[in-house]
Amino acid sequence: MIHSRTLASLMLAAFGALGGRPSTVSALPNPNDATVTSLSVVPRTGRADVVVRVAGAVTYKHFTLSKPDKIVLDLSGASLGLPEGDAYDGVARGGITRIRYSQFTKTVVRVVLTLDAAHPYTVSNENGELRISVETALGEFEPWAIGETARGDSDPLVF
């Protein structure tokens, strides 16, 4: 009678001999093809634009929450290239009272805008920028930004 431990060793040796040399395993690609490089809030006539600059292609979805009113933007296939945390200075700009951002999951960067009330908004994606335009009747304000310096940008930002 063969002990199960001996049988297992024999089977392992037999299957190992059949398998030959191990093939070269290529590294899996990074699931995040894009990086969020900067975030800014800039004044526009009748609105405040939150600009999320991205190096690479992303897909996105957005939705709202209430109590308090928020706009949530999820960028899929992205890594956060900014220091995590609550870096927003807390100044109300065009109805936006707070901005938070984080690496929400391994492949999703989340940006959350907290508003003073519900505001109509639009989201557009053009030339590596996702732009959340929040309609407001509030006047001008000083821009805010974090991240990489904008190059050739027409936005009145000082980084």
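Attention here is on the structure that accompanies the text. Because the structure is a prediction, the values reported are computed rather than measured.

Moving on to the overall build of the protein. In terms of helices and strands, the protein carries one helix and 10 strands. Scanning the protein from its N terminus toward the C terminus, one meets helices and strands in the order α-β-β-β-β-β-β-β-β-β-β. Per-residue burial for the protein yields a buried fraction of 36% across its 159 residues. Look at the contacts in the protein between residues 6 or more apart in sequence, and 58% of them connect residues 24 or more apart. Summed over its atoms, the accessible surface of the protein is roughly 9800 Å², and 56% of this surface lies on carbon and sulfur atoms.

With that settled, consider the pattern of salt bridges. In total, this model carries seven salt bridges according to the counting rule given. For R110, the salt bridge identified is with D74, shortest N-O distance 2.6 Å. Residue R110 is located in strand β7 (residues 108-115), and its partner D74 is located in strand β4 (residues 70-76); the two are separated by 36 residues in the primary sequence. What makes R110 buried here is its relative accessible area of 19%. Salt bridges sharing partners connect three or more residues here, namely R44, R47, D49, R53, E129 and R131.

Using the criterion set out here, one finds one aromatic pair in the structure. Ring geometry for Y88 versus W144: centroids 4.9 Å apart, planes at 75°, classification edge-to-face. Of this pair, Y88 sits in the loop between β5 (78-80) and β6 (96-105) while W144 sits in strand β10 (residues 144-147), placing them 56 residues apart in sequence. Residues Y88 and W144 agree in their burial class; the two are buried. For the cation-ring pair, R110 lies above F104, with the distance from its terminal atom to the ring centre recorded as 3.7 Å.

In this section: unusual backbone geometry. The omega torsion across K67 and P68 is 0°, close enough to zero to call that bond cis. Within the element layout of this structure, P68 appears in the loop between β3 (59-65) and β4. Phi is positive for K67, which is not a glycine, with a value near 60°. Relative to the elements of secondary structure, K67 occurs in the loop between β3 and β4.

This part is about the sheet that holds β4. Sheet architecture is open: four strands sit in the order β3-β4-β7-β6, paired in antiparallel fashion. With partners counted over all chains shown, the strands left at the sheet margins are β3 and β6, one partner each. Direction aside, neighbouring strands of the sheet carry axes that sit 15° apart on average. Relative to β4, β3 runs antiparallel, the two being bridged by seven bridges. Its bridge partner being in β4, K61 is matched across the sheet by D74.

Mapped onto the elements, F63 comes out in strand β3. Taking C-alpha positions, F63 is 9.9 Å from V112, a pair spaced 49 residues apart along the chain. When neighbours within four sequence positions are excluded, F63 is seen to be in contact with K70, I71, V72, D74, R110 and Y121.

What counts, and at which threshold
- Residues numbered from 1 in each chain as written.
- Predicted model: local features only at pLDDT ≥ 70, side-chain atom pairs only at ≥ 80, totals over all residues.
- Heavy atoms only, no water.
- Helix = DSSP H or I, 4+ residues; strand = E, 2+ residues; numbered from the N terminus.
- Buried < 20%, exposed > 50% of the residue type's maximum accessible area, 1.4 Å probe, protein only.
- Contact = heavy atoms within 4.5 Å.
- Areas by Shrake-Rupley, 256 points an atom, 1.4 Å probe, with all protein chains shown as cover.
- Salt bridge = Lys/Arg side-chain N within 4 Å of Asp/Glu carboxyl O.
- Phe/Tyr/Trp six-rings, centres within 6.5 Å; stacked < 30°, edge-to-face > 60°.
- Lys NZ or Arg CZ within 6 Å of the ring centre and 35° of its normal.
- Pairing = 2+ DSSP bridges.
- Axes fitted to C-alpha atoms, helices over the stretch in contact; angles between N-to-C directions.

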